[in-house]
Amino acid sequence: MDMQVKTHALTATRELPFQPPFDWARLLRFFDGRATAGVEAVENGTYLRAIDWNGDCGTLAISRHPKNDCLVAVFAGDVSRHADALIAPLRRMFDLHAEPEAIRAHLSADPWLAPLVRNAPGLRVPGAWSAFELVVRTIVGQQVSVKAATTVVGRLVQRAGEHMEGHAHEATSWRFPSPYALASADLTAIGMPGKRIASLQGFARAVAAGEVPVDAPDADVAALRKALIALPGIGPWTVEYVAMRAWRDPDAWPATDLVLMQTITERNPALLKPAQQRIRAEAWRPWRAYVAMHLWNDIADRQERHRDG
């Protein structure tokens with residue numbers, strides 16, 4: 001598909017092709033449930049967020065084209081000058097490199113997964129605008145609900161982020177805290193245990209010092225995994241979750257995720273131990289990140305049906 005380009009004063013539009021099927025509704029549901037207040041939002045079928053690139057800031061609005069197999073990205077503000085450079089990170093963020101037919105063919109051979117793939121054939125692994133931002137969220141989210149983590153991350157933005165005065169869209173008018181700002185912020189009474197605050201700020205200091213370059217382009221993911229897990233308060237779940245969403249490892253597998261462990265045991269009560277579950281998951285290589293999404297999505301679908309009915 002040819003890329004359509006429209007550019008005028010302080011706005012730019014790009015169309016980002018993908019291989020169908022593409023489950024935009026479930027991707028938006030995932031982002032919506034974890035949206036950081038003030039930084040990002042989901043409104044009327046569109047994902048919005050404040051973005052910075054090479055010193056320029058603005059707003060991204062991305063939606064599915066009503067007819068064509070592409071997403072439509074609209075950049076507003078000074079950041080629109082970098083629209084072409086932003087195509088690659090957005091393709092990663094929205095998993096537009098995915099090969100849905102190859103994934104479907106492999107996963108459908110498994111009797112557990114075949115009905116899930118039929119129900120959501122275009123399911124993608126939601127990415128992240130920033131690996132730093134994602135790690136912050138995962139540390140905050142340790143041992144708390146998604147909703148509680150989202151609330152605390154919103155407080156972090158208010159405490160250490162930067163408000164963009166006169167920004168056209170108030171719901172995206174905050175810059176997420178930089179590593180340096182978060183490392184030096186006063187986070188007392190923010191709603192996290194002191195040990196977790198120490199882990200969070202230790203991670204931020206390591207990123208600010210260049211010791212753990214989580215957002216470096218073309219970084220060595222194996223080296224990043226080792227560097228990240230070596231930090232206090234960061235375990236295998238965080239590393240695999242970040243590998244799934246930010247470093248785009250299609251085979252990343254957060255084996256210690258409680259929901260994944262429970263849903264595997266539901267399907268086979270004999271698989272109680274993590275080692276047993278890891279052996280079962282071997283059959284899903286090299287697409288285990290997509291299996292995690294299908295299993296999580298199955299829970300979300302069931303919860304949604306329960307609320308509706």
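Going by the structure above, here's the rest.
Residues numbered from 1 in each chain as written. Predicted model: local features only at pLDDT ≥ 70, side-chain atom pairs only at ≥ 80, totals over all residues. Heavy atoms only, no water.

Visitor: Help me out: how do you make sense of the overall build of the protein in this one?
Guide: From N to C terminus, the protein includes 13 helices and 8 strands. Over its C-alpha trace the protein gives a radius of gyration of 19 Å, about what one expects of a compact globule, namely 19 Å for 309 residues. Each of the three principal axes of the protein carries a C-alpha extent, and together these read 55 × 50 × 45 Å. In the protein, buried positions account for 50% of the 309 residues. (Helix = DSSP H or I, 4+ residues; strand = E, 2+ residues; numbered from the N terminus. Rg over C-alpha atoms; globule rule 2.2 N^0.38 Å. Buried < 20%, exposed > 50% of the residue type's maximum accessible area, 1.4 Å probe, protein only.)

Visitor: For this particular structure, what's the right way to read unusual backbone geometry?
Guide: For residues that are not glycine, phi is negative in most cases, and the peptide bond is trans in most cases. Following Pro 20, the chain continues into Pro 21 via a peptide bond in cis, with omega recorded as 0°. Relative to the assigned elements, Pro 21 resides in the loop between β2 (11-17) and α1 (24-33). The omega torsion of the bond from Arg 285 to Pro 286 falls at 5°, within 30 degrees of zero and hence cis. A positive phi angle, near 55°, is found at Asp 95, a position not held by glycine. The backbone of Asp 218 sits at a positive phi, close to 55°, despite the residue not being glycine. Looking at the element boundaries, Asp 218 is found in the loop between α8 (194-208) and α9 (221-229).

Visitor: Can you walk me through the pairing of strand β3 (residues 40-43) in this structure?
Guide: Consecutive residues of a regular strand have side chains that alternate between opposite faces of the sheet. Summarising the sheet, β3 and strand β4 (residues 46-53) pair through 4 bridges and their orientation is antiparallel. Across the sheet, residue Ala 41 finds its bridge partner in β4, namely Leu 48. Hairpin geometry of β3 and β4 is characterised by an intervening segment of 2 residues between the two adjacent antiparallel strands and by a positive phi of about 50° at Asn 44. (Pairing = 2+ DSSP bridges.)

Visitor: Would you mind showing me how to read the nonpolar core here?
Guide: A general tendency of soluble globular proteins is for nonpolar side chains to be buried together. In terms of nonpolar packing, the biggest core is built from 68 residues, with Phe 203 and Trp 253 touching the most fellow members. Look past the residues within four positions of Trp 253 in its chain and what remains in contact with it is Glu 240, Leu 260, Ile 264, Ala 281, Trp 284, Arg 288, Val 291, Ala 292 and Leu 295. Core analysis: the second largest hydrophobic core is formed by 24 residues, Ile 62, Phe 75, Leu 90 and Phe 94 among them. (Core = buried A, V, L, I, M, F, W, Y, C linked by side-chain atoms within 4.5 Å. Contact = heavy atoms within 4.5 Å.)

Visitor: Explanation requested: the environment of Ala 168 in the structure shown.
Guide: Tracing the backbone shows Ala 168 in the loop between β7 (162-163) and β8 (174-175). By relative accessible area, which is 84% here, Ala 168 ends up exposed. With 35 residues separating them along the chain, Ala 168 and Glu 133 place their C-alpha atoms 23 Å apart.

Visitor: So what exactly am I meant to see when it comes to the pattern of salt bridges here?
Guide: Opposite charge on two side chains makes pairing possible when the charged atoms of those side chains draw close. Per the counting criterion, the structure on display carries 22 salt bridges. Between Glu 101 and Arg 104 there is a salt bridge whose closest N-O contact spans 2.6 Å. One end of the pair is Glu 101 and the other is Arg 104, both in helix α3 (residues 100-107) and 3 residues apart, which spans about a single turn. Salt bridges sharing partners connect three or more residues here, namely Asp 23, Arg 26, Arg 29, Asp 301 and Glu 304. (Salt bridge = Lys/Arg side-chain N within 4 Å of Asp/Glu carboxyl O.)

Visitor: Mind showing me how you'd approach the packing of helix α5 (residues 131-140) against α8 here?
Guide: Each pair of packed helices can be summarised by the angle the axes make with each other and by the distance between the axes. Interhelical geometry of α5 versus α8 gives an angle of 165° and a closest axis separation of 9 Å. As summarised for this structure, α5 and α8 are arranged roughly antiparallel, according to the angle between their axes. The two elements α5 and α8 meet at a crossing, and its hand is right-handed. Along the contact surface, α5 presents Phe 132, Val 135, Val 136, Ile 139 and Val 140, while α8 presents Arg 196, Ser 199, Leu 200, Phe 203, Ala 204 and Val 207. (Axes fitted to C-alpha atoms, helices over the stretch in contact; angles between N-to-C directions. Parallel < 35°, antiparallel > 145°, perpendicular 65-115°, else oblique. Left-handed = near helix turned anticlockwise from the far one by under 90°.)

Visitor: Explanation requested: the packing of aromatic side chains in the structure shown.
Guide: Both the distance between ring centres and the angle between the ring planes are used here to describe each pair of aromatic rings. By the definition in use, this model includes 15 aromatic pairs. Aromatic side chains Phe 18 and Phe 22 sit 4.4 Å apart centroid to centroid with 25° between the ring planes, which places their arrangement in the stacked category. Since its relative accessible area comes to 7%, Phe 18 is described here as buried. Ring plane angle 50° and centroid distance 6.2 Å describe the contact between Trp 112 and Trp 284, whose orientation is recorded as tilted. Highlighted residues: Trp 112 in the loop between α3 and α4 (114-119) and Trp 284 in the loop between α12 (274-281) and α13 (288-308), separated in sequence by 172 residues. (Phe/Tyr/Trp six-rings, centres within 6.5 Å; stacked < 30°, edge-to-face > 60°.)

Visitor: When you look at the environment of Ile 139 in this model, what are you seeing that I'm missing?
Guide: Position of Ile 139 relative to the elements: it lies in helix α5. Of the residues examined, Ile 139 reaches a relative accessible area of 0% and is grouped as buried. Along the primary structure Ile 139 and Gly 233 are separated by 94 residues, whereas in three dimensions their C-alpha atoms are 7.8 Å apart. Look past the residues within four positions of Ile 139 in its chain and what remains in contact with it is Arg 196, Ser 199, Leu 200, Phe 203 and Ile 234.

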